[in-house]
Amino acid sequence: MQYYMPTRIIEDTDTVKKNAELLASYGQHAFIVTGKSSAKINGAYQDVVDALEANGVTHTLFDQVEENPSVETIEAGAAAGAECDYIITIGGGSPIDAAKGMAVLIANPEHDTYDMLFGQTGSKHLTVVAIPTTGGTGTESTPYAIYTDHKVKTKRNFSQKVFPIISLLDVKYYMFMPKNVRVSTCVDALTHLVEGYMNTNATKYSDYNALEGIRLWGQVKDALLREDVTEEEMTAFMNASTIAGFVISQTGTSIPHGMGYHLTYYHGMAHGQANGILMAGYLSVCQNKDKVKQILDLLGFKDLETFGGYMKSLFGPLCLTEDDLNTYADYIMSNARKLKNHPDPITRDDVMNIYKKAMA
Ligand code: NAP
Ligand code: ZN
């Protein structure tokens, strides 16, 4: 048994400002990778620029990362950042994931993009510093990334492992999330905790984190039903998200994430929503009922029906046709990577039931 999560996490108020020298210590020219606008609106981009300029580090901005970033965007970013020494990435999972791929492509310019993103493992990469702003994917504490591959019309897992060298957490940036982004990203963190706990690769170390993350999340869950959250509540979600990253960096995610990719690709559903809406159905097919009960108790739900009702009150019911169901069920049944992370045998009927429970 082992536990490996080498990212240095620094959480504070005004974290970027207080760690300006550290942020500027990885090279002479930084490549800043963000989404289209949120990093400018929530102030994180300006904080980074101020920190770099105060320490004589020049910088280039790439602010074209879309949600669920595509292979084409990773390539465009790698071309724009080819001369940079290291990457500072600000945002939700999309820019941070994109930056991990760019870090590999920039360090290996002679290699084929597809081979680097989806074939090779252990390739060299530029140093990545992460400043997360959604609460969220946990990508600030995982080596993973997920890219939209339009050639195969779904999302695919990055084959390389790129942990950020440091992740700077400051809840003030998270407070800018609109309700729909907040709800979806916070639910994503819960799905990581649950899929990591109900996981073939779970160890006592990952379980300690998973149970604490689930407890923390459960304490603030009602805040997602409201229009606004307090800074204290958002801090709990932010911490649960990073802890969830600790968990899945050891275990990986499992069946709901694999099932959710098509809901995002074909139905435009946000990543966290796509997984969250499947969670109650997923837990209903899990054979370890003691663990399921433990999760529900920690979250403060009396049964799976109440838990499913909570998710539907956040997202509404899932709408799929019979054709959709059949196509997506076939896909997950062929996704050996996700299936092997789930400890019980799963049948195609189970998969259909998970989708149907979200539709009922
Ligand atoms: P996201 O796609 O990064 O961002 C969603 C939206 O929220 C964007 O419009 C973004 O705007 C906005 N936004 C981000 N931070 C904000 C803030 N503080 N205030 C206001 N708006 C903000 O969302 P995400 O859910 O964090 O990331 C999803 C991606 O992560 C998916 O591709 C998913 O597959 C991946 N993922 C990765 C891992 C992993 O371990 N690597 C785990 C789970 C999911 P801008 O575009 O303007 O920035
Ligand atoms: Zn996720």
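Parameters at a glance
Residues numbered from 1 in each chain as written. Chains lettered and ligands numbered in written order. Predicted model: local features only at pLDDT ≥ 70, side-chain atom pairs only at ≥ 80, totals over all residues. Heavy atoms only, no water. Phe/Tyr/Trp six-rings, centres within 6.5 Å; stacked < 30°, edge-to-face > 60°. Lys NZ or Arg CZ within 6 Å of the ring centre and 35° of its normal. Near = heavy atom within 4 Å. Polar contact = N/O pair within 3.5 Å; in protein donor to acceptor, adjacent residues only side chain to side chain. Areas by Shrake-Rupley, 256 points an atom, 1.4 Å probe, with all protein chains shown as cover. Helix = DSSP H or I, 4+ residues; strand = E, 2+ residues; numbered from the N terminus. Patch = residues over 30% accessible without salt bridge, like charges linked within 9 Å, V, L, I, M, F, W, Y side chains within 5 Å. Salt bridge = Lys/Arg side-chain N within 4 Å of Asp/Glu carboxyl O. Buried < 20%, exposed > 50% of the residue type's maximum accessible area, 1.4 Å probe, protein only.

### Focus on the packing of aromatic side chains
Here the structure, examined in full by the defined rule, presents 14 aromatic pairs. Geometry around tyrosine 114 places lysine 151 over its ring, the cationic atom sitting 4.1 Å from the centre. The ring of tyrosine 197 carries the charged tip of lysine 291 above its face, separated from the ring centre by 4.3 Å.

### A few points about the site of ligand 1
For ligand 1, the set of nearby residues contains 31 residues, the closest of which are Ser37, Ser38, Ser94, Thr134 and Lys155. Contacts to ligand 1 include methionine 177, whose backbone N or O atom sits 3.4 Å from a nitrogen atom. Relative to its unbound accessible surface of 940 Å², ligand 1 loses 91% to contact with the protein.

### A short note on unusual backbone geometry
Residues apart from glycine generally show negative phi values, whereas peptide bonds are mostly found in trans. We note that aspartate 14 has phi near 50 degrees; this positive angle belongs to a residue other than glycine. Take aspartate 14: it is sitting in the loop between β1 (8–11) and α1 (15–18). Look at asparagine 68: it is not a glycine, yet its phi comes out positive at around 55 degrees. With respect to the helices and strands, the residue asparagine 68 is situated in the loop between β3 (58–65) and α5 (71–80).

### A few points about a nonpolar patch on the surface
A cluster of nonpolar side chains, contributed by Met1, Tyr3, Tyr205 and Tyr208, occupies part of the molecular surface with about 470 Å² of accessible area. Considering the arrangement of structural elements, one finds tyrosine 3 in the segment before β1.

### Some remarks on the pattern of salt bridges
Throughout the structure, instances matching the rule amount to 12 salt bridges. Across the pair aspartate 12 and lysine 18 runs a salt bridge whose closest N-O atoms are separated by 3.1 Å. A salt bridge links arginine 156 to aspartate 149; the shortest N-O distance between them is 2.8 Å. Classification of arginine 156 by relative accessible area gives partly exposed; the value is 27%. Taken together, the shared-partner salt bridges connect Asp14, Asp47, Asp170 and Lys172 into one network.

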